[in-house]
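# Residue-level structure breakdown
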Amino acid sequence: MFGLFGYQVSWSQLAWFGHRASGLGVLLYLFMHVVETSTVLFGPEVYDAAVGIFKNLPARLGEIVLMAALVYHALNGLRVIAMDFWPGLTVYYRPLTYGVIAATIVAMVPLSILMITPFAPWNPV
Amino acid sequence: MDVQLRIRRFNPETDNEPHWEEYTVEAEPTDRVLDLLHQVKWYQDGTLTFRRSCAHGVCGSDAMLINGRNRLACETLVKDAGDKITVEAIRSLPVIKDLLVDMEPFWDKYTAVMPFLVNDEIPDDGKERRQSPADRELYEDTSKCILCAACTTACPVFWTNPDYVGPAAIVNAHRFIMDSRDHAHEERLQIMADADGVWRCRTVFNCVEACPRGINITRAIMEVVGEIQKVGTT
């Protein structure tokens, strides 16, 4: 594994860092989303134009990253909450960490396909 | 085999900043990193400063950042560490010289949790306070702590918040909180429920990975959280 902050990371430390990073990323998106949605106050044309900015392939790829952050943050959050309620689970912190990472990857395969399909080059709008 | 040993050195009398120095040391794969440090100190550079006492993983005085992870130098074998080894002082405690850190901030947190049995009552038989094997088992794991500070100085929360009581102090609080003979249960939980107490734990598990005694520290922290919830301390 590589070093983070000068300390060799373990998967569990990476999981914690990923939890923070994904949480912060989703929060930043939320601010942007509030601004985007609030354009409805200026009429339907302005709102459609604002929403239209995100209706393209690069924006959709960004939304897939956002979805991955949400899925990971939710699953890892459940892992942390579970260990809070049942301290005995901490014995399995390594498999639980691997499980969260694997579950995120597995969930993102169909989600990515579903999300990318409307904007995929092989799927003319 | 020859081992390249990189040591992060700092002499407050001559250096403004810590710097790296390299040494080539001949070693057997079954030698320990502590043996390499002895080689350097005894035969190459007598000014190298580090702390060690028993040299057998009992006293806990030679915790160091070895190849980027907190370990005891006396328990880390060359065959596991490789032929390029970096050694630094443990983090977030003031460096006195080279690998020697000032442990006082660590001891302050340790003593704050009252790490001693509080019981002024005379035992029923006038001699000893009996305890069932099941009750003894509750703190078996945390009674193994050797206070090496490897866990506390591996904790990212402690790196950024030196006021955090830290894993080692919580482990030693747990040892007495879970002791059926102790009478300072709520007093200790009050200390643990402080803003810089158990709530700061972010379940990173660096402490568990670093503990040379294999203590499940995060479990102990979560059990203390459970005790606080039972008592309702705020």
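Structure first, text after, so check above.
Thresholds applied
- Residues numbered from 1 in each chain as written.
- Chains lettered and ligands numbered in written order.
- Predicted model: local features only at pLDDT ≥ 70, side-chain atom pairs only at ≥ 80, totals over all residues.
- Heavy atoms only, no water.
- Contact = heavy atoms within 4.5 Å.
- Buried area = accessible area lost by both parts, 1.4 Å probe.
- Salt bridge = Lys/Arg side-chain N within 4 Å of Asp/Glu carboxyl O.
- Polar contact = N/O pair within 3.5 Å; in protein donor to acceptor, adjacent residues only side chain to side chain.
- Helix = DSSP H or I, 4+ residues; strand = E, 2+ residues; numbered from the N terminus.
- Nonpolar A, V, L, I, M, F, W, Y, C, P; charged D, E, K, R; others polar.
- Pairing = 2+ DSSP bridges.
- Axes fitted to C-alpha atoms, helices over the stretch in contact; angles between N-to-C directions.

So, on to the interface of chain A and chain B. Across the boundary between the two partners, chain A contributes 20 residues, which contact 22 residues of chain B. Considering only the side of chain A, the residues that lose the most area to chain B are Tyr7(A), Trp16(A) and Tyr93(A), jointly responsible for 32% of the buried surface there. Linking chain A with chain B are one salt bridge, by the criterion used here. One salt bridge connects Glu209(B) with Arg94(A), and the closest N-O pair in it is separated by 3.3 Å. Where chain A packs against chain B, one counts nine residue pairs in polar contact (both at pLDDT 80 or more). Elements with a contribution of two residues or more to the side of chain A that touches chain B: β2 (7-8), α1 (11-38), α3 (57-85) and α4 (93-116) of chain A. Its residues assigned to classes, the side of chain A that touches chain B shows nine nonpolar, seven polar and four charged.

Residues and elements named next belong to chain B. By secondary structure assignment, the location of Ala63 is in strand β3 (residues 63-66). In this structure the C-alpha to C-alpha distance between Ala63 and Cys148, which are 85 residues apart in sequence, comes to 5.9 Å. If we skip the residues at most four places from it in the chain, Ala63 touches Arg71, Leu72, Ile90, Cys148 and Ala150.

Within a sheet, neighbouring strands are paired by backbone hydrogen bonds and run either parallel or antiparallel to one another. Residues and elements named next belong to chain B. The five strands are arranged β2-β1-β5-β3-β4 in an open sheet whose pairing can be described as mixed. Of all the strands in the sheet, just β2 (19-26) and β4 (69-72) have a single pairing partner and so form its edges. Direction aside, neighbouring strands of the sheet carry axes that sit 35° apart on average. The pairing of β3 with β4 spans four bridges and is antiparallel. Bridge assignment links Met64 to a residue of β4, and that residue is Arg71. Its contacts with the sheet place helix α1 (residues 33-44) against β1 (2-9), β2, β3 and β5 (84-88), and it is angled at close to 95° to β2.

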